[in-house]
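Take a look at the letters that make up each chain.
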Amino acid sequence: MNVAIIGCGGIARAHAECVREFEEDRLLAVADIDRKAAERFAAQWGAKPFPTVENLLAETLPDAAIVCTPPNTHREVVSALLSAGVPVLCEKPLAHIVRDAEALADLAGETGLPAYVAYCHRFNPAARLMRDYVGQGRTGRVHTFRNAFIGFAPHLTTAWRTEPDISGGGCLMDNGSHSIDLQQFILGPIADVYASLHFDGQGRGDVAADLLTVSESGVAGLISVSYVSPKPEARFEIIGSEMALEYDYATSGATVTAYRPGHDPERLQLPAGCDVRFIEQYRAFREALQGRPTDLATFEEGLRVSRIIDRCQRQAGITGGIS
Ligand SMILES: NC(=O)c1ccc[n+]([C@@H]2O[C@H](COP(=O)([O-])OP(=O)(O)OC[C@H]3O[C@@H](n4cnc5c(N)ncnc54)[C@H](O)[C@@H]3O)[C@@H](O)[C@H]2O)c1
């Protein structure tokens, strides 16, 4: 499969490494509006550089493309690809504003092409184990989902991540979009949300957020995301009437800890740890292109995440400029 990557910044490398893992695949072409970035990346990965997605498509038609540009460009870049008939894996979030996410979900529906959002935490084997256990009824009735993606990353409070015109918000859009998708992946659609967003700069997006979500099945989600927490924490857990399951990115490795009344905590073995999530996501993308069923997030699911974040932002008094 001939693959193109659009946007040659930080996360593009993780995707290029995945393409390299498959002998039949080749990184054919890359595009970045920063010509030097495109040239450097292309030289490193043996691809042809282009300054824009339009230039790339005028010269070559890849079998698939991975979009790694900032969120405010996703609509334009993904639309160009889908309109040219190229299936897409688009980095999260689907777009910086709901209107763009809606347009992309509509376009994906109209073209019928494979189009997915790269919510990579779905491909942490721990998330899939939890989803399976819930589906099989092994956890009993699930009451609570808890997730923290918090840490100390003050440089992001002045980067594009917290420039609403580019990112669509701040830490909630960046980290919290993963959290919301993860809850929905494991426990089904969220019906309601109440959020508290925390700001530390005029005109800038949130640097931290706490959410109380309620899923359609009645599960409460407690989600914290932060760029300014002195205490790092990356974990998620579900609490059911018969079993609680916990995964911690720093300590769990290839296990999930299971708690059951009357038993000592048990370490359930996973096939691999959380570090396989990008390669498993790419494998799923390849399989989806071959018509196989997929756990990848559809654009409709990406839109659902965008709408939930929009609701949180409106509660914080941010309207208009964001959507
Ligand atoms: N899944 C994850 O864990 C994860 C981690 C980091 C970033 N991301 C997502 O990946 C995307 C990119 O993030 P990043 O950290 O790599 O950003 P980055 O700023 O490091 O890189 C973005 C690149 O896109 C280029 N670019 C901007 N507009 C463009 C356009 N219209 N056409 C072509 N190139 C363009 C920039 O010049 C830059 O080189 C974002 O959507 C972000 O949310 C996901």
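Keep in mind that what you see is a predicted model, and the values were worked out from it rather than measured. (Residues numbered from 1 in each chain as written. Predicted model: local features only at pLDDT ≥ 70, side-chain atom pairs only at ≥ 80, totals over all residues. Heavy atoms only, no water.)

J.: Hey, could you run me through the overall build of the chain in this one?
T.: Of regular secondary structure, the chain possesses 10 helices and 15 strands. C-alpha extents for the chain along the principal axes are approximately 65 × 45 × 40 Å. Of the contacts formed within the chain by residues at least 6 apart in sequence, a portion of 67% connects residues at least 24 apart. Here the chain displays about 13,800 Å² of accessible surface, and carbon together with sulfur accounts for 49% of that area. In the chain, 30 side chains carry a positive charge and 41 a negative one; their mean positions are 1 Å apart. (Helix = DSSP H or I, 4+ residues; strand = E, 2+ residues; numbered from the N terminus. Contact = heavy atoms within 4.5 Å. Areas by Shrake-Rupley, 256 points an atom, 1.4 Å probe, with all protein chains shown as cover. Lys, Arg positive; Asp, Glu negative; His and termini not counted. Charge placed at Lys NZ, Arg CZ, Asp CG, Glu CD.)

J.: Any chance you could explain the side chain of Thr162 here in plain terms?
T.: Tracing the backbone through its elements, the reader meets Thr162 in the loop between strand 7 (142-152) and helix 7 (164-167). Apart from the residues within four sequence positions on either side, Thr162 is in contact with Leu156, Thr157, Ser167, Gly169, Gly170, Arg204, Gly205, Asp206 and Tyr227.

J.: I would appreciate a short explanation of the site of the ligand in the present structure.
T.: If you check the shell around the ligand, you find 24 residues, and the closest are Gly10, Ile11, Asp32, Lys92 and Trp160. Taking Glu91, its side chain carries an N or O atom lying 3.3 Å from a nitrogen atom of the ligand. Arg161 places a polar side-chain atom, nitrogen or oxygen, 3.2 Å from an oxygen atom of the ligand. Contact with the protein chains removes 82% of the 850 Å² of surface that the ligand exposes when unbound. Taken together, the residues that form the shell around the ligand break down as 12 nonpolar, 7 polar and 5 charged. Lining the shell around the ligand are residues from two domains, each supplying at least three of them: domain 1 (2-120) and domain 2 (124-273 + 299-315). (Near = heavy atom within 4 Å. Polar contact = N/O pair within 3.5 Å; in protein donor to acceptor, adjacent residues only side chain to side chain. Nonpolar A, V, L, I, M, F, W, Y, C, P; charged D, E, K, R; others polar. Domains from an automatic or database assignment.)

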